[in-house]
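# An overview of the molecular structure
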Amino acid sequence: MNTVAIVGAGIGGIAAARTLRRAGVEIEIFDKGRGLGGRVATRRDGLLQFDHGAQYFTVRDPGFDAAIAPLRAQGLVQVWNGPFRTLLNGSFGSDPCEHAVREVAVPRMSMLPRQLARDLVQDLVRGVVVQCRVRVERLQRGGDGWWLGGRDSTGQALVRGPFSAVLLAVPVAQAHQLLTQSCLFGLAAAAAFTLRDSLRPCLCAMIAFERVVPEAEGGLFVTDEALAFAAHDGGKPGRNGTPNYVLQATPEWSLQRLESDPESSARELVAAFERALAVPLPAMVHCKGHRWRYAVASGTCVPDAAVVDLEQGLALASDALAGGLVEGGFRSGVAAAEGLLRAVQ
Ligand SMILES: Cc1cc2nc3c(=O)[nH]c(=O)nc-3n(C[C@H](O)[C@H](O)[C@H](O)COP(=O)(O)OP(=O)(O)OC[C@H]3O[C@@H](n4cnc5c(N)ncnc54)[C@H](O)[C@@H]3O)c2cc1C
């Protein structure tokens, strides 16, 4: 195997890249975003920062644990003890998952993908190319291998290749779209088609008050038509206790308002927060909304955590194939890369 193209530089794409690099395979990574990380993201606005994607992660898989261990040792990943409680109409209940160990990257969640990719980025001159702000729009397989067609952020067309294999590490709905518009069929296309609706949307609000809301410390699992989770983002380990919060809507409510203005949804989420806490909120100094069209997977698992078509040289990794969440994304990326490597062993 000469060079593998990885589409998607979220946790899954990074996990795949690490695995392929360790086996000495050259890689080229493409992501339409401004940087690495995908849904493990932090929005910065002046002095404020908000982990507006994954709030925390949990670790069960030994491979993921081994990747996280050095970061824990350096204090770059720390346990977030919340506290975590349920909330219904002003009444608080105990942590619904009291044995869960919830970890966060320090000083913000977007450092997790960056730290996991650190060796890759240092490896740039030795067989790793990272192309951010490039949206891959077409995959084509010719006699000499795979060719990728896409567009950079200025709209400039771009063609890259040939590659011996392609590893897709994008949300399944986007993989389905890419494979369909490329007229590609086979194992990966079938899996992407089957699971295309498994990622549910999430509308978020990133808010800051004049002061901390004492009733809303840690993480709150809210029972409400609109609001599902509220996090005191500034209270996570390694932050400075600032009164900034992230509110996440329920999938159903998000779906109903998916095409409406995220800023007005954010204001509705703040109202739901106040309703759920049943206390008046302090004056708000910042309120921004964000729409995640594909947020959290409903938890499907395929036996191998990824789909690899060795005949085509095409692999599909996705959190949706491995139980969802950050850990699922990581496991799926490793599994897809290992599957491709089996072809050359
Ligand atoms: C609001 C929210 C809350 C969450 N909360 C948690 C939580 O608390 N705990 C937890 O464990 N998980 C949580 N998750 C889920 C977790 O973030 C994901 O499961 C995980 O990050 C998936 O990683 P991935 O690499 O599979 O996909 P992604 O992170 O989505 O990465 C895919 C990458 O592919 C790129 N891409 C897509 N299409 C193309 C294309 N055509 N060309 C180029 N690039 C492309 C995207 O830009 C993206 O960077 C949450 C997610 C969201 C959105």
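Just so we're clear, the structure is a prediction, and the values are computed from it rather than from any experiment.

### What about the environment of Ser91?
- Looking at the element boundaries, Ser91 is found in strand E7 (residues 91–93).
- Residues Ser91 and Glu274, 183 residues apart in the sequence, show an inter-C-alpha distance of 13 Å.

### Considerations on the nonpolar core
- Core analysis: the biggest nonpolar cluster contains 111 residues, and Leu167, Leu168 and Ala315 have the highest contact counts within it.
- Sorting elements by how many residues they give to this core places strand E14 (residues 199–209) first, with 9 residues.
- Apart from the residues lying within four places of it in its own chain, the contact partners of Leu167 are Val4, Ile6, Ala16, Ala315, Ala317, Ala336, Ala337 and Leu340.

### Describing the sheet that holds strand E20 (residues 314–317)
- Ordered by their spatial adjacency, 6 strands build an open sheet running E9-E2-E1-E13-E20-E19, and the pairing between neighbours is mixed. Because the sheet does not close on itself, it has two edges, and the strands there are strand E9 (128–131) and strand E19 (306–309). Neighbour to neighbour, the strand axes of the sheet diverge by 15° on average, direction disregarded.
- Running at roughly 170° to strand E2 (residues 26–30), helix H1 (residues 11–22) makes contact with strand E1 (3–7), E2, E9, strand E13 (165–168) and E20 of the sheet.

### Description of the packing of H1 against helix H9 (residues 325–342)
- Close contact between H1 and H9 brings their axes to 7 Å; oriented N to C, the two are set at 35°. As for the relative orientation of H1 and H9, their crossing is right-handed in sense. On H9, the residues touching Ile11, Gly12, Gly13, Ile14, Ala15, Ala16, Thr19 and Leu20 of H1 are Val326, Gly329, Phe330, Ser332, Gly333, Val334, Ala336, Ala337 and Glu338.
- Tallied by class, the residues present in the contact of H1 with H9 amount to 10 nonpolar, 6 polar and 1 charged.

### Regarding the domain arrangement of the protein
- On domain assignment, one finds that the protein holds domain 1 (3–41 + 114–197 + 300–342) and domain 2 (56–108 + 199–297).
- The distance between the C-alpha centroids of domain 1 and domain 2 comes to 28 Å.
- Counting from both sides, the interface comprises 17 residues of domain 1 and, opposite them, 17 residues of domain 2.
- Elements with a minimum of two residues in the side of domain 1 that touches domain 2: helix H3 (111–116), helix H5 (172–181) and H9.
- In terms of residue count, the dominant contributor to the side of domain 1 that touches domain 2 is H9 (7 residues).
- Along the lines of polarity and charge, the residues of the side of domain 1 that touches domain 2 split into 9 nonpolar, 4 polar and 4 charged.

### A look at the sheet that holds strand E12 (residues 157–163)
- Here 3 strands make up an open sheet; going across it, the order is E10-E11-E12 and the pairing antiparallel. Taken across any chain shown, the strands that pair with only one partner, and hence form the sheet edges, are strand E10 (134–142) and E12. Here the average twist between neighbouring strands, direction ignored, is 20°.

Cut-offs and rules
Residues numbered from 1 in each chain as written. Predicted model: local features only at pLDDT ≥ 70, side-chain atom pairs only at ≥ 80, totals over all residues. Helix = DSSP H or I, 4+ residues; strand = E, 2+ residues; numbered from the N terminus. Core = buried A, V, L, I, M, F, W, Y, C linked by C-beta atoms within 7 Å. Buried ≥ 20, exposed ≤ 12 C-beta atoms within 10 Å, placed from the backbone. Contact = placed C-beta atoms within 7 Å. Pairing = 2+ DSSP bridges. Axes fitted to C-alpha atoms, helices over the stretch in contact; angles between N-to-C directions. Left-handed = near helix turned anticlockwise from the far one by under 90°. Nonpolar A, V, L, I, M, F, W, Y, C, P; charged D, E, K, R; others polar. Domains from an automatic or database assignment.

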